[in-house]
Amino acid sequence: MTDRDTETDVHTDGGTETGADPTGERADASTDDDVLVRVDGLKKHFPVDSGLVSDLMNTIRGEDSKMVHAVDGVSFELRAGETFGIAGESGCGKTTTGMSLAKLYEPTDGSIYYDGDDIANKTGKDLSTFRQNAQMIFQDPFESLNPQMTVYDTVVEPLRIHDRPNQRARVRRALEFAGLRPPDQFFDQYPHELSGGQRQRLAIARALVIDPDFIVADEPVSMLDVSLRAGVLSLLERMTDEFGLSVVYISHDLSLLRHMCDRIAIMYMGKIVEQGPTEEIITNPKHPYTRSLIDAVPVPDPHSQRERVELEGEVGDAINVPSGCRFKGRCEEHIGPVCDQVTPRLERKADVEGGREVACHLYESAEGFDPYAEVGTADADADSDGSARAPGDD
Amino acid sequence: MAMLEVEDLKVYYDTAEGAVKAVDGVSFEIEEGENLGIVGESGCGKSTLAKALIGILPQNGYIAGGEIRFRGEDLTEAPERRRRELRWDEISMIAQSAMNALDPVYTIRQQILEAIEAHHNWSRTKSQERIDEMFDLVGLDRERQTDYPHQFSGGMRQRAMIAMSLVLEPSLILADEPTTALDVIMQDQILKRINEIQEASSASMMVITHDVAVVAETCDRVVVMYAGEIAEEGPAAAIFDEPYHPYTLGLKSAFPNIREADQDLVSIGGHPPDLHDPPTGCRFAERCPMATEVCSREDPPEVEVGGLRSYCHHVDDIDTQLRPVADRAETWQNTDAADDRGLADD
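What counts and what doesn't
Along each chain, residue indices are assigned from 1 in the same order as the chain's sequence is written. All chains are assigned letters beginning at A, and all ligands numbers beginning at 1, according to the order in which they are written. A pLDDT threshold of at least 70 governs which residues receive local features in this predicted model, and a stricter bar of 80 or more applies before side-chain atom pairs are shown or counted, although totals over entire chains, interfaces and linings include all residues. The side-chain quantities take in all heavy atoms of the structure and omit both hydrogens and water. UniProt positions are given in the numbering used here, feature names are shortened, and annotations may be inferred rather than shown by experiment. Put simply, DSSP marks the helices as runs of H or I at least four residues long and the strands as runs of E at least two long, and each gets a number from the N terminus on. Throughout, radius of gyration means the C-alpha value; the globule benchmark is 2.2 Å times the number of residues raised to the power 0.38. Burial status follows relative accessibility: with a 1.4 Å probe on protein chains alone, a residue under 20% of its type maximum counts as buried, one over 50% as exposed, and anything between as partly exposed. We call two residues contacting when some pair of their heavy atoms lies within 4.5 Å. Throughout, the accessible surface (probe 1.4 Å) given up by two parts as they are put together, summed over both, is called the buried area. Whenever a nitrogen or oxygen atom comes within 3.5 Å of another N or O atom, the pair is scored as a polar contact, on the condition that within protein one atom can donate a hydrogen and the other can accept it, and that pairs from neighbouring residues in sequence are kept only if both atoms are in side chains. Under this grouping Gly is polar, as are all residues other than the nonpolar Ala, Val, Leu, Ile, Met, Phe, Trp, Tyr, Cys and Pro and the charged Asp, Glu, Lys and Arg. Residues grouped as a nonpolar core are buried Ala, Val, Leu, Ile, Met, Phe, Trp, Tyr and Cys residues, joined through side-chain atoms within 4.5 Å. How far each domain reaches was decided by an automatic or database domain assignment. Salt bridges are identified by distance alone: a Lys or Arg side-chain nitrogen within 4 Å of an Asp or Glu carboxyl oxygen.

The name given to chain B in an unreviewed UniProt entry is Oligopeptide/dipeptide ABC transporter ATP-binding protein, and the organism recorded there is Candidatus Halobonum tyrrellensis G22. Per UniProt, chain B carries the Subcellular location (unreviewed entry) text "Cell membrane".

Under an unreviewed UniProt entry, chain A has the name Oligopeptide/dipeptide ABC transporter ATP-binding protein and belongs to Candidatus Halobonum tyrrellensis G22. Among the UniProt annotations of chain A, the heading Sequence similarities (unreviewed entry) holds the following wording: "Belongs to the ABC transporter superfamily."

Caption draft 1: Here's a closer look at the overall build of chain B. For chain B, the helix and strand inventory stands at 12 helices and 12 strands. Taken over the C-alpha trace, chain B has a radius of gyration of 21 Å; the compact-globule value for 346 residues is 20 Å, and the two agree within 12%. Principal-axis analysis of the C-alpha atoms places the extent of chain B at approximately 70 × 45 × 40 Å. For chain B, with 346 residues in total, the buried portion stands at 57%.

Caption draft 2: Spotlight on the interface of chain A and chain B. Taken together, the contacts link 47 residues of chain A with 48 residues of chain B. Across the chain A/chain B interface, buried area totals approximately 4,300 Å², and carbon plus sulfur atoms make up 55% of it. Taken together, chain A and chain B are joined by 5 residue pairs in polar contact (both at pLDDT 80 or more). Broken down by secondary-structure element, the contributors of at least two residues to the side of chain A that touches chain B are helix 7 (167-177), helix 9 (196-208), helix 10 (226-243), helix 11 (254-260), helix 12 (278-283) and helix 13 (288-295) of chain A. Among the elements that take part in the side of chain A that touches chain B, helix 10 of chain A stands out by supplying 9 residues, more than any other. The residue makeup of the side of chain A that touches chain B, split by class, is 17 nonpolar, 13 polar and 17 charged.

Caption draft 3: Quick look at the nonpolar core. Counting 108 residues, the largest nonpolar core has Phe28(B), Ile38(B), Leu174(B) and Met206(B) as the members making the most contacts within it. With 7 residues, helix 6 (residues 154-166) of chain B is the single largest residue contributor to this core. Look past the residues within four positions of Leu174(B) in its chain and what remains in contact with it is Ala50(B), Leu53(B), Ile54(B), Ile91(B), Ser92(B), Met93(B), Ile94(B) and Met206(B). Grouped together as the second largest cluster of nonpolar side chains are 63 residues, Ala87(A), Leu233(A), Ile282(A) and Leu265(B) included.

Caption draft 4: Examining the UniProt feature "domain: ABC transporter" (unreviewed entry) in chain A more closely. Under the present numbering, the feature "domain: ABC transporter" (unreviewed entry) in UniProt falls on residues 37-294 of chain A. The annotated region residues 37-294 of chain A carries 41% helix and 25% strand content, and the separation between its end C-alpha atoms amounts to 27 Å.

Caption draft 5: Spatial organisation of the domain arrangement of chain A. All names here are of chain A. Split into domains, chain A comes out as domain 1 (2-10 + 18-267) and domain 2 (286-299 + 308-374). On a C-alpha basis, the centres of domain 1 and domain 2 stand 29 Å from each other. Contacts between domain 1 and domain 2 engage 14 residues on the former and 12 residues on the latter. With both sides pooled, the region where domain 1 packs onto domain 2 buries about 1,000 Å², and carbon together with sulfur makes up 63% of that total. Three residues, Glu-89, Leu-254 and Ile-266, lead the burial of domain 1 against domain 2; their summed loss comes to 45% of the area buried on that side. Viewed at the interface, domain 2 and domain 1 are joined by 2 salt bridges. Here Glu-89 and Arg-330 are joined by a salt bridge, their closest N and O atoms 3.1 Å apart.

This is the structure:
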């Protein structure tokens, strides 16, 4: 058993009173290494035509089945107690990344390290501990809750599965924290009797009841009314403040991410194009895609003459992924063959200040990578990109 | 005379528990060529209002009072045959969920043709020319006309809906949450199209949304609805710069602005009232930080202030009491959100 496990138990037992602050203990344990989850080269590909007939036809033709490159080489770190945002258009792979973090998908390639161990190798008790520590909140509280289960059953279920003591008290405490008060009055209600905001609070209570280390929240407020959103958001903020939880916040709404997150990653077609402290990125985006994404956000002020960067067209083909930069077809700053042929690396740039990484050839690598040396050797690029890998590898 | 005059409109739904007063005495006008925004939360009656205007209320919905005058003609009295004539030809609609609004078993072209043929005896060539023109206008590839809805992405479907709503050159377009289902990039493209169409045509538009930023970018005038009633109405600039209704102030402060760092997002505590049996007096009183005893006793008066029409008892006090603190979260935590705070401090 690792240190963290013991510590988690302490946190669990000590945390029975709401407001007890476990962050002190947590901080001690995390000083040497405050990275909670490390994602390293994560790839998740989905087969497009996986039916029996398609398989047969592919075998006859000697072709590999086609793959959607939903997530295609993503690396980042989630630090203890931070809120990390992942932003991008529909289909950029942000949800797939989030679900892989919670081990709801098995990666095609790459690894996710939780507490230093690859989660792919976790089995038995280890896996069970991980499942308790990684929770997920989904977008739609109308679909993510079982309509046949009462509020109490919904929240107590994780405790029953993991055989925790003091179930009733824990459920009561979780509901109270989530703002469903008085909790006993909600025990016997069904999801359909709750409003949208209350349902999402219920989903949060269920995620929290097991005292997780981190929560993946996938568009947790996009289905809620504007006047109720802030309430749910402040709940998420209190989770990080009071329990030292880490949160991965997935959304296409950059104004919300700016409000919520310490650091953000901008994804495009399965890759991170820019990543770093939220304020740096929102106030001074460097990647042309980040800039378009920020400029596309409407401003609630009729006087603002918002500058519109023309980003026409849609996200490219995630099956036959283009070589070079994936954004090249929509990019206004396209600078020639280097963009067409060489996949930009997500790295520190010599001419970009601050703590951020950008994947764009407009800036000069601070890590000694010379993309121009690779122009004309498209094959080498394809290998390093990994897109030529046979899907049968996993 | 305004193109559309809505006067004291009441739209109710029959349910097992009695009538739900979804729209309860709403009056406003839309001038020729004007873009009006209707803003409010779910359940405030904004979509019901649109359905009543175009005449597609569900079976249990009915107009319980008031008038809808379109160019002087009262539509609440008009027979279904007349409503059908006007629908799409004069008043069209861009629905929120284009996936559900489009028929999955017909091609996009067939569906637009059907709308044309229901109203005009145009030749095939003329119809086709018109469809081509619309596809160009909304930025869709003409070749894709023979595709089925499922072959389109969400953004393309929404464009197809817009093309369809414009094809007969209606005088009034009702856009019900036209961009809510889309991500920011698509939303931006659709808003841009809507702005272009507004400039190019003389049609009036009514944009219904909960997204105050969308309204800020597309509308000349704004109606803020709450619990089936109008809370405040006036020019967009005045509504955003200096609203006088506490609800408008709250809604504005609840909305994140990407241009602002360290914004304190507010959550308006409590819930909208039950519209089976709405409370007497001001319907927002229960959630309002400025509410006094008179608010839950008497209906708020209509007050003309700062270029706005505002329904509030405390218009005179808002500058001193609420406006300076409206952007602070604690101001609005008068109900369940206040409990949140108490618990955290324990």
